[in-house]
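Chain residues, written in single-letter form:
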Amino acid sequence: MKTDSPLPAPGAPLQHYISSAPFDLQSVEAMTPEQAKVFQASQLRLMWWKFRKHRLALVSGMFLAVLYFGILICEFLAPYNLHTRNMDYIYSPPQRVHLFHDGQFVGPFVYGRQMKLDMDTLKRNYIENQDDVQRLRFFCKGDSYRFWGLIEGDRHFVCPAENGQLFLAGTDRLGRDVLSRIIYGARISLTIGLVGISFSFLLGIVIGGLAGYHGGIFDLIVQRIIEVLQSIPSIPLWLALAAIMPITWSPILIYFGITVILGLLDWTGLARAVRSKLLALREEDYVLAAQLMGARSSRIIGRHLIPGFMSHLIATATISIPGMILGETALSFLGLGLRAPITSWGILLTEARSVSVIAFYPWLLLPMLPVILVIMAFNFLGDGLRDAADPYK
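Report on the accompanying structure. (Residues numbered from 1 in each chain as written. Predicted model: local features only at pLDDT ≥ 70, side-chain atom pairs only at ≥ 80, totals over all residues. Heavy atoms only, no water.)

Quick word on the packing of aromatic side chains
Item 1. Overall, the coordinates contain 14 aromatic pairs when judged by the stated rule.
Item 2. Relative to F157, the ring of F76 lies with its centre 6.3 Å away and its plane at 65°, an arrangement referred to as edge-to-face. Note that F76 is positioned in helix α4 (residues 74–77) and F157 in strand β5 (residues 151–159), a separation of 81 residues in sequence.
Item 3. F76 gets classed as partly exposed once you look at its relative accessible area, which sits at 22%.
Item 4. Take F157: its relative accessible area is 32%, and that puts it in the partly exposed class.
Item 5. Consider the rings of F138 and F157, whose centres lie 5.8 Å apart with planes at 70°: the pair is edge-to-face. On the criterion of sequence distance, the pair formed by F138 in strand β4 (residues 137–147) and F157 in strand β5 is long-range, its members being 19 residues apart.
Item 6. Members of the aromatic cluster, each reached through a chain of ring pairs, are F76, F138, F139 and F157.
Item 7. The aromatic ring of W148 is capped on one face by R187, whose charged end is 3.8 Å from the ring centroid. (Phe/Tyr/Trp six-rings, centres within 6.5 Å; stacked < 30°, edge-to-face > 60°. Helix = DSSP H or I, 4+ residues; strand = E, 2+ residues; numbered from the N terminus. Buried < 20%, exposed > 50% of the residue type's maximum accessible area, 1.4 Å probe, protein only. Lys NZ or Arg CZ within 6 Å of the ring centre and 35° of its normal.)

Set out below in structure tokens:
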């Protein structure tokens, strides 16, 4: 502070000037509006500002939000019912959507097709009929369905023309629309990751929290169990656990069985992360204060320790969900996971296990595309959340 008062003589005591005004933590008199905005912002808002700068993570989050909203109305989005068969169009290749016909704007439409059987190779060849213009219908009546198995309905977002066909992703060996089955399969493949990570989170937080907070013999036993589980190759362990499920189980029980298996195998990494955090935080003064006030271990862990690094746990969860989706896809592809009539992306890929099928009907590999996109989106989202977890860096 600059002053015009003369300097004190050598050896004279220094004079101290103390303001009697109360100290205000939220005082912004010496701050610019931009500085005050950051200074007064909550940690959640700071995290959002930092996450918003990660454009790839933001786009990935929006993409996943659209997908998860879509699984709520997949019956409406799919052009056909899940089990509708078009026996005249078995192994029909994907159709292209056109807008112009003979130089004139018609709107979204596809050309009709005629099937000819090659008697030498017994392959079905589909030839477009340029004179058969089939305009697409939107918000139309089509195949009937039961919305979430409860409500009868027949409205679809897009439908083929009357007495027409619409196979944007081709058909399979039974003439079923691949695109409709991909949309229906998203409901299982996307939710199994969320249900599995919830089960894994419960195990990881409880077991890792108790091991990190109490330590001792319990921590020693938990660490040895984790080391044994992590030393076993994942795929053989998946196969062994999936093989013990009875084939007489209903599809719903198999779904929950696969979810429990994926959760049992994924909690180890999270438990170690929670343990390492609690080993450091349990020495803090506020933990000692809670102990002296008589708080139980569960309350101290749940109310004081876990919230301190919840953002880190959320980022870890978004990175773990792709592993569970891949696990379900791999098990179903190998025939040891979900079974018909449940439809998932892994089950759809079982149609393409033959090399000859891939050579003649490559569009049966299209269910692999949403798997790749979802895995990449979750990884990008996890990177963005991990960077935003500590907004002060």
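Text resumes after the structure shown.
Examining the pattern of salt bridges
Pairing between side chains of opposite charge can happen when their charged atoms approach one another.
Item 1. Evaluation of the coordinates by the stated rule reveals 10 salt bridges.
Item 2. For E152, the salt bridge identified is with R146, shortest N-O distance 2.7 Å.
Item 3. Of the residues examined, E152 reaches a relative accessible area of 54% and is grouped as exposed.
Item 4. A salt bridge links E227 to R224, with the shortest nitrogen-to-oxygen separation between them at 2.7 Å. Of this pair, E227 and R224 both sit in helix α6 (residues 216–231), three residues apart, which is roughly one turn of that helix.
Item 5. Here E227 falls in the partly exposed class, since its relative accessible area comes to 36%.
Item 6. Looking at R224, the relative accessible area reads 38%, which means it is partly exposed. (Salt bridge = Lys/Arg side-chain N within 4 Å of Asp/Glu carboxyl O.)

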